[in-house]
Structure formats: C-alpha cells, structure tokens
Amino acid sequence: MKPRTPRRSAPIRPLPIAAVAGSLLLLAGCNIAAIERAHYEVTEVQSFKTAGAPSRVMMLEIIDANNTFSDDFWRMAMSDHGYVPRLRFVTDPTDIADGETLKPENRVVAVVNPEQSTMRGKLCTDPASLPMDDSSDKVIVRFGFCVGDKIISETRAHFNKAQFAKQVESNADTINYQLFPRHLRDNNDRRCSPFLPGC
C-alpha cells in the first residue's frame, strides 16, 4: 500500500494593496474625522496664546448658518484641551469670573461649512458660513486663532455628519494642539522631519 501523499493547501495570496487601501479608506470615510495639518502665519504661537489669554480664558466665536449646536456645546467641547496652560473658552464676554481678564480681540473662530474664500485673514475679518448641503455626509469646519484682524494659526476639520457632535468632542484635543503648538518645526533645518511637530 502506497503511503498517502499529503495534500498541499493552496498558497494564501495577500490581498492587492489597492484593495486593502480602498477598504481602509471606506472605513475611514464612515466614522473617522480628519484634521488637516495647520497653517501658521508666525514662527511661534505660545506667546500669542499667553498674551491673548492672561487668565487662561479666551473668546470662542462660532459662525454657523444652520446653528447646528448651541454655544454651550461648543465652549464645553473645546475647553480644557491641548497643551498646558489649557484654555477655557467662552462665547459671551460677560461669562467670566471676578478677577479674570478677557481680551475679546484674541479669539478662536470656528466656521461651519465655510465659504471657499473664508480662510487665512478673512477667517478673522469676514467669516462666512453656508447652509448645509443635505446631499453630503461630511461637514467641514475651519478653525482659526485670531489676534484682531490677523490670523495666527488655522486648521480645517472634516467630520462625519452623522457623528458630528461626537467627533467635535473627541477631536477637540487635536484641534487645540494644532492651533496652539508649543513649538513649530524649523523648515530651514534639514535634520527636521516633516512628521515632527517641533524641532
């Protein structure tokens, strides 16, 4: 009787890279917010932050044609995040405690579904929000740290409309880190990696 020859199983073939990447993109598109890399008009932000909020309190200005969330939601979601000293945001200049100092010209501006031209300096001088597009499952919000009419830092977030509130809350840390970094990467230093926030 001849010994049985073991049957060879078919080799496991890896999925094509394009298929894997496509699947990940689909998953990401479903429930993951994307925060773009920030733009800075200055070489450091920390001094603007500390000078602009001596009591660690800063104005938060919300521009939203749809009034999607209350001011209370935005201030609570955005407060106490990022690098220390962390900021408490207010949407009403009278909402500060005795002894606190507020400089209303130093503020964070958040524009929900912004007009295409609402960026850079216009984010501080003439921000405009458009009504929501019912056919889109995404919501774009542009955030900027303004000192008077001057933009200091700016970032843009892409949220999933069905999870808009939850994603604002879960990404508030990232947004604050982007707007108020401790250090900025030195683009003139060849040793600096583009993936490092500071160098």
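Predicted model, so just to flag it, every value in this text is computed and none were measured. (Residues numbered from 1 in each chain as written. Predicted model: local features only at pLDDT ≥ 70, side-chain atom pairs only at ≥ 80, totals over all residues. Heavy atoms only, no water.)

Quick word on the pattern of salt bridges
Summed over the entire model, instances satisfying the criterion amount to six salt bridges. The partner of glutamate 36 in a salt bridge is arginine 156, with the nearest N and O atoms 2.8 Å apart. Linking glutamate 36 in the loop between β1 (34–35) and β2 (39–40) with arginine 156 in strand β7 (residues 150–160), this pair joins segments that are 120 residues apart in sequence. Residue classification places glutamate 36 among the partly exposed positions, given a relative accessible area of 27%. Across the pair arginine 120 and glutamate 154 runs a salt bridge, and its minimum N-O distance is 3.0 Å. Highlighted residues: arginine 120 in the loop between β5 (106–112) and α4 (122–125) and glutamate 154 in strand β7, separated in sequence by 34 residues. Of the residues examined, glutamate 154 reaches a relative accessible area of 2% and is grouped as buried. Through salt bridges with shared partners, a single ionic network connects Arg120, Arg142 and Glu154. (Salt bridge = Lys/Arg side-chain N within 4 Å of Asp/Glu carboxyl O. Helix = DSSP H or I, 4+ residues; strand = E, 2+ residues; numbered from the N terminus. Buried < 20%, exposed > 50% of the residue type's maximum accessible area, 1.4 Å probe, protein only.)

Things to note about the state of the cysteines
Evaluated as defined, the whole model comprises one disulfide. The residue that forms a disulfide with cysteine 124 is cysteine 146, at a sulfur-sulfur distance of 2.1 Å. When the S-S torsion is -85°, as for the bridge of cysteine 124 with cysteine 146, the disulfide is left-handed. Of the two residues, cysteine 124 is situated in helix α4 and cysteine 146 in strand β6 (residues 138–147); the sequence distance between them amounts to 22 residues. Take cysteine 124 and cysteine 146: they sit in the same class, and that class is buried. (Disulfide = S-S within 2.5 Å.)

Focus: the packing of aromatic side chains
Taken as a whole, this structure holds eight aromatic pairs when the rule is applied. Between tryptophan 74 and phenylalanine 164, the aromatic rings sit 6.4 Å apart at their centres with planes inclined by 75°, giving edge-to-face as the arrangement. Pair noted here: tryptophan 74 is in helix α3 (residues 71–78) and phenylalanine 164 is in helix α5 (residues 164–170), with a separation of 90 residues, a long-range link. Of the two residues, tryptophan 74 and phenylalanine 164, neither departs from the other in class, the shared state being buried. An aromatic cluster is present here, built from Phe69, Phe73, Trp74, Phe159 and Phe164 joined pairwise through their rings. (Phe/Tyr/Trp six-rings, centres within 6.5 Å; stacked < 30°, edge-to-face > 60°.)

Some remarks on unusual backbone geometry
Residue proline 85 is reached from valine 84 by a cis peptide bond, and omega for that bond is -5°. Mapped onto the fold, proline 85 is located in the loop between α3 and β4 (88–90). For asparagine 67, which is not a glycine, the phi torsion comes out positive at approximately 50°. What makes asparagine 67 exposed here is its relative accessible area of 61%.

Regarding the environment of serine 47
By secondary structure assignment, the location of serine 47 is in helix α2 (residues 46–52). For the pair serine 47 and arginine 182, spaced 135 residues apart in sequence, the C-alpha separation works out to 9.5 Å. A distance of 2.3 Å separates polar atoms of two side chains, one belonging to serine 47 and the other to glutamate 44. (Polar contact = N/O pair within 3.5 Å; in protein donor to acceptor, adjacent residues only side chain to side chain.)

As for the nonpolar core
Ranked by internal contacts, the top residues of the largest apolar core, which has 30 residues, are Trp74, Phe143, Phe159, Phe164 and Phe180. Secondary-structure elements contributing two or more residues to this core are β3 (57–63), α3, β5, β6, β7, α5 and α6 (172–179). Beyond its immediate sequence surroundings of up to four residues, phenylalanine 159 is in contact with Ala33, Asp137, Lys138, Val139, Val141, Phe143, Phe164, Gln167, Val168, Asn171 and Ile175. Grouped together as the second largest cluster of nonpolar side chains are seven residues, Val109, Val111, Cys146 and Ile151 included. (Core = buried A, V, L, I, M, F, W, Y, C linked by side-chain atoms within 4.5 Å. Contact = heavy atoms within 4.5 Å.)

Structural notes on the environment of threonine 91
Within the secondary structure layout, threonine 91 lies in the loop between β4 and β5. Sequence spacing of threonine 91 and methionine 58 is 33 residues, and the spatial spacing of their C-alpha atoms is 8.6 Å.

Here we look at the side chain of serine 79
Relative to the assigned elements, serine 79 resides in the loop between α3 and β4. A distance of 2.5 Å separates a polar atom in the side chain of serine 79 from the backbone oxygen of arginine 75. Reaching out from serine 79, the side chain makes a polar contact with the backbone nitrogen of phenylalanine 89 at a distance of 2.9 Å. Ignoring any residue separated from it by four or fewer positions in sequence, one finds serine 79 in contact with Leu87, Arg88 and Phe89.

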